[in-house]
Amino acid sequence: MTEVPKAFHPHPRSVHELLFAPGSRGVLIATSRDPDAKRTFIVTPPPGTYVDGPAGPVAIKIPVTVAAASAISRETRMLMALGEAKLGGLEPTVPRYLETLDSDGLPAVVTTVVKGAPMSVAYHRWMHTSRPQAVAMDFALAGGWLRHFQLATAGDRGRITWASEVADYVRTRWPGHPKLEAAQVRLAAADRRLKSHRIARTMVHGDYWFGNLLVDDGRISGVVDWEAGVRSGWPLRDLVRFALSYCLYLDRHTRPGHPVRGHRGLRRTGFGAGIRYGLLEAGWLPDLVRLYLRTGVDNLGLPSALWYPAALAGLGEIAATANDDEFAAHHLELLADLPYWPLADDLPGS
């Protein structure tokens, strides 16, 4: 019988073999109860497990449901596409696909680990979102990474049909909803303004919110969770998603009915108060939000006044695609209640 060398470690074929291999160590860093719930582990496998991979830890995302398995498969395809793209200096900020393992008949994806803490950690620290300098840095980091990513992945140009596509998805998901007609009218208004312009399609993350951005030493060190990504899509999606998500949780640590510290005019008065405030009201944060959106739109070669119709389309997209029905419905209702145009200087023809 041939003796197996002590340094030899058979390549894992399943999640169980990776997690429980002799010398393997792991820690659970994320889990959820969503319809597509997943568990994410950081695992340090035995040396030599991945000959062409990292010598240190790897990340493994394990599906809990069939819906989660579908999401992991989508993310796997996106990570493989990203691995083929020419991202230049951004390459280290994107997890690299290593392999797919079996998890009780469902696919689990193994990737490299990117360094950093989620931006959400700092966001939820006491008074962080009440400090103009801290918030400005968050927007600068998110906008800077996104600008470089869009430049690196820009492809063919096309007429912007995003709002029209979103309207179709919203109509399919929410037939009979009392706010559907008002929401559709706003999406139609957004479509009229956006469709007259052309833009280069790019790779799109699809869920570019601050919880998916990792920060280390004052820079974006990682962008994770690519399951909603597409190889060629509308870059406005990621631009808007960050701003909307950042505004949404401004009142998270404020008691209902009370003013939000650092933001005159903002109270916790129901779902979406922060979004309405960020898009429409006066104050240092709304000014920053609108500057971020205007700058991002301008960087894409579009008139900066298109920031608002893009924001309407972004709200509609969340209403159409969010996993949680209640969360999606709240965005539909918020969209339906917003004005067609925010300010006089953004009216058509201005």
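You'll find the structure just up there.
Residues numbered from 1 in each chain as written. Predicted model: local features only at pLDDT ≥ 70, side-chain atom pairs only at ≥ 80, totals over all residues. Heavy atoms only, no water.

**Q** Whenever I open this one, unusual backbone geometry confuses me. Can you help?
**A** With a phi angle near 55°, Asp104 is a residue other than glycine that sits in the positive phi range. In this fold, Asp104 is placed in the loop between β4 (97-103) and β5 (106-112). Under the relative-accessibility criterion, Asp104 is labelled exposed at 78%. Not every positive phi belongs to a glycine, and Asp225 is a case in point at roughly 60°. Tracing the sequence through the fold places Asp225 in the loop between β11 (219-223) and β12 (230-233). Residue Asp225 is classed as partly exposed on the basis of its relative accessible area of 29%. (Helix = DSSP H or I, 4+ residues; strand = E, 2+ residues; numbered from the N terminus. Buried < 20%, exposed > 50% of the residue type's maximum accessible area, 1.4 Å probe, protein only.)

**Q** It is not clear to me how the packing of helix α10 (residues 307-321) against helix α11 (residues 325-337) should be interpreted in this structure. Could you clarify?
**A** The relative placement of two packed helices is expressed as an angle between their axes plus a distance between the axes. The geometry of α10 relative to α11 is characterised by a closest axis approach of 7 Å and an angle of 150° between their N-to-C directions. Taken as axis vectors, α10 and α11 run roughly antiparallel relative to one another. When you trace α10 past α11, the crossing you get is left-handed. Residues Leu312, Leu315, Gly316, Ile318 and Ala319 of α10 lie in contact with α11, whose contacting residues are Phe327, Ala328, His331, Leu332, Leu334 and Leu335. Residues belonging to the contact of α10 with α11 are distributed by class as follows: 9 nonpolar, 2 polar and no charged. (Axes fitted to C-alpha atoms, helices over the stretch in contact; angles between N-to-C directions. Parallel < 35°, antiparallel > 145°, perpendicular 65-115°, else oblique. Left-handed = near helix turned anticlockwise from the far one by under 90°. Contact = heavy atoms within 4.5 Å. Nonpolar A, V, L, I, M, F, W, Y, C, P; charged D, E, K, R; others polar.)

**Q** What is the right way to read helix α7 (residues 236-248) from this model?
**A** In an α-helix there are 3.6 residues to a turn, and that puts residues three or four apart on one side. In a regular helix each residue adds 1.5 Å, so 13 residues correspond to 18 Å; α7 covers 18 Å between its end C-alpha atoms and thus fits that length. For α7, the buried fraction is high: 13 of the 13 residues fall into the buried class. (Expected span 1.5 Å × (residues − 1).)

**Q** Explain the sheet that holds β11 to me, please; I cannot follow it from the model alone.
**A** Two strands in a sheet stick together by hydrogen bonds in their backbones, pointing the same way (parallel) or opposite ways (antiparallel). Here we have 3 strands laid out as an open sheet, ordered β6-β10-β11, and antiparallel in their pairing. A strand with exactly one partner marks an edge of an open sheet, and here the two such strands are β6 (117-118) and β11. Of the strands in this sheet, β10 (213-216) and β11 touch helix α4 (residues 132-153), which is tilted by about 60° from β11. (Pairing = 2+ DSSP bridges.)

**Q** In this structure, what is going on with the pairing of β10? I would like to understand it.
**A** Residues in a regular strand project their side chains so that they alternate between the two faces of the sheet. In this sheet, β10 lies alongside β6 in antiparallel orientation, the contact comprising 2 bridges. Within β10, the position partnered with Ala117 by the bridge is Val215. In this structure, β10 lies alongside β11, joined through 4 bridges in antiparallel fashion. In the sheet register, Val215 faces β11, and the bridge partner there is Ile220. The turn joining β10 and β11, which pair antiparallel and follow one another in sequence, is formed by 2 residues; a positive phi near 55° is taken by Asp217.

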